[in-house]
Amino acid sequence: MWNGQPPAEEGHPPPLGAVPGPWRNAGLCKGRRESPGALSDASAGEEAQGEEGPATTQLDVSRLRSSSVEIREKGSEFLKEELHKAQKELKLKDEECERLSKVREQLEQELEELTASLFEEAHKMVREANMKQAASEKQLKEAWGKIDMLQAEVTALKTLVITSTPASPNRELHPQLLSPTKAGPRKGHSRHKSTSSALCPVMCPAAGHALAPDREGKEVDTTLFAEFQAWRESPTLDKTCPFLERVYREDVGPCLDFMMQELSALVRAAVEDNTLTIEPVAPQTLPAVKVAAVECGSANTCALSGLARTCRHRIRLGDSDSHYYISPSSRARITAVCNFFTYIRYIQQGLVRQDAEPMFWEVTRLRKEMSLAKLGFFPQEV
């Protein structure tokens, strides 16, 4: 039932009129009343208190504002300092990273250079090893060839020793070991027996006995024999020893002195080194001369003398592929020198087992052949 007042809303206090009981002070209700002066003083104090409250509030607000500004400024300064420190540390870290990056790049570059140098050194070592291996194989091949050649020479010398003696030398196997007195008449110089026996004997004043007309008188030259004996005690191919120095000066040098001086020097060096080869050439199959020998001669021109001669032989120096055609006279001169060097090499190697005098006469005979070849005497080819 509605009583003339709105209902109280839930959660709100009821209106003043709805509150039961009086709202005034109980003292007033009992009849207490204050005087007008007291009321005026109280009102004045309330007014003064009301005026003082807003001023205090404004002061507090200004103080709060100033303190907040100071706090904000201090916070800003602190943050700026922290930011500056962080930027400085970041810069130092960037510099450190840059330095480490440079160190890494330098190390990578050094590593690449070291790797390249190691590979290059390895390739170089492999290349040198291959070259040494090839040289060793070549030397081994040459050594086997020399061994085969020496074995053949030893076999021939054994046959010579078995089938030949100083009293009856074997002319077919080793003619340069023959003594002039045992060699017999040469081709082109033989005489008829009846004519030789009919001639009167000739007295040799040095020996004091008669010699047959087909034999030569000989006498040992003491100076030459002394030089040969001194050389025989320690055989060598050194040109400075008195024996070989004389032979070079008197026989070898003149015998190998041709018109073509440059080729003559090469031939002499090849003869001394035992690397000269003489090859016969068939007349019907004379090949063209190689380019290296064009200036020295052709099939109808001797490369050593430069004269127009029929050349049935050619020479090759060492391992060269060039061939030089030579005349019979030039061949005889080269052959005479080669025979001399072959014999003294046999003496040096201990392959000739004779007394000093027979060896000396064999050397003298070989020197005589060099002299005759130099003068133009040589056996006629068939």
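From a predicted model like this one, the values you see are computed outputs, not experimental measurements. (Residues numbered from 1 in each chain as written. Predicted model: local features only at pLDDT ≥ 70, side-chain atom pairs only at ≥ 80, totals over all residues. Heavy atoms only, no water.)

**A closer look at the layout of surface pockets**
In this model, the second largest pocket occupies a volume close to 850 Å³. Lining the second largest pocket are 24 residues, and of these Met149, Glu153, Asn274, Thr275 and Arg345 sit closest to its centre. Broken down by secondary-structure element, the contributors of at least two residues to the lining of the second largest pocket are α2 (36-163), α6 (261-273), β3 (276-280) and α7 (328-348). If you tally residues by element for the lining of the second largest pocket, the top one is α7, at eight residues. Considering only residue class, the lining of the second largest pocket consists of nine nonpolar, nine polar and six charged. (1 Å grid on protein atoms, 1.4 Å probe; cavity = no way out; pocket = protein on both sides within 12 Å on 5 of 7 lines; lining within 4 Å. Points joined across faces, edges and corners; volume = space filled by probe spheres on them. Helix = DSSP H or I, 4+ residues; strand = E, 2+ residues; numbered from the N terminus. Nonpolar A, V, L, I, M, F, W, Y, C, P; charged D, E, K, R; others polar.)

**Observations regarding the packing of α7 against helix α8 (residues 356-375)**
The N-to-C vectors of α7 and α8 enclose an angle of 165°; their axes lie 8 Å apart at closest approach. Relative to α8, the element α7 lies roughly antiparallel. Here the hand of the crossing between α7 and α8 comes out left-handed. Contact residues: Ala332, Arg333, Ala336, Val337, Asn339, Phe340, Tyr343 and Ile347 in α7; Met359, Glu362, Val363, Leu366, Arg367, Glu369, Met370, Ala373 and Lys374 in α8. Looking at side-chain class alone, the contact of α7 with α8 contains eleven nonpolar, one polar and five charged residues. (Axes fitted to C-alpha atoms, helices over the stretch in contact; angles between N-to-C directions. Parallel < 35°, antiparallel > 145°, perpendicular 65-115°, else oblique. Left-handed = near helix turned anticlockwise from the far one by under 90°. Contact = heavy atoms within 4.5 Å.)

**Looking at the nonpolar core**
Membership of the largest hydrophobic core comes to 45 residues, with the highest contact counts inside it found for Val267, Ile334 and Phe340. Of all elements in the fold, only α4 (222-233), α5 (242-255), α6, β4 (313-317), β5 (324-326), α7 and α8 reach the threshold of two or more residues within this core. The element best represented in this core is α7, accounting for nine residues. Residues in contact with Phe340, not counting those within four places in the same chain, are Leu244, Val247, Val363, Leu366, Arg367 and Met370. (Core = buried A, V, L, I, M, F, W, Y, C linked by side-chain atoms within 4.5 Å. Buried < 20%, exposed > 50% of the residue type's maximum accessible area, 1.4 Å probe, protein only.)

**Describing the packing of α4 against α8**
A pair of packed helices is captured by two measures, namely the crossing angle of their axes and the spacing between those axes. For the pair α4 and α8, the least separation of the axes is 11 Å and the interaxial angle reads 110°. In terms of axis orientation, α4 runs roughly perpendicular to α8. Here α4 runs over α8; the crossing is right-handed. Here Leu224, Phe225, Phe228, Gln229 and Arg232 of α4 come into contact with α8, specifically with Ala356, Glu357, Met359, Phe360, Val363 and Arg367.

**Quick notes on the pairing of β4**
When you tally the buried positions in β4, you get four out of five residues, the bulk of the element. Pairing geometry for β3 and β4, over five bridges, is antiparallel. By the bridge assignment for β4, Ile278 is matched with Ile315. Alignment of β4 against β5, held across three bridges, turns out to be antiparallel. Paired with Arg314 across the two strands is Tyr325, which belongs to β5. (Pairing = 2+ DSSP bridges.)

**Points about the environment of Glu272**
Here Glu272 shows up in helix α6. Here the alpha-carbon distance between Glu272 and Leu237, two residues 35 residues apart in the chain, equals 8.8 Å. Every residue in contact with Glu272, bar those within four places of it in the chain, is listed here: Lys239, Tyr248, Phe341 and Arg345. Side-chain polar atoms of Glu272 contact the side chain of Tyr248, separated by 3.1 Å. (Polar contact = N/O pair within 3.5 Å; in protein donor to acceptor, adjacent residues only side chain to side chain.)

**A closer look at unusual backbone geometry**
Excluding glycine, most residues fall at negative phi; most peptide bonds, likewise, are trans. In this structure, Asn274 takes a positive phi of about 60° despite not being glycine. The exposure class of Asn274 is exposed, given its relative accessible area of 52%.

**Describing the sheet that holds β4**
Across the sheet, three strands lie side by side as β3-β4-β5; this open sheet has antiparallel pairing. What marks the edges here is a single partner per strand, and that holds for β3 and β5. Between one strand and the next, the sheet's axes are offset by a mean angle of 35°, whatever the strand orientation. Against the sheet, α6 engages β3, β4 and β5, with an angle of about 75° to β4.

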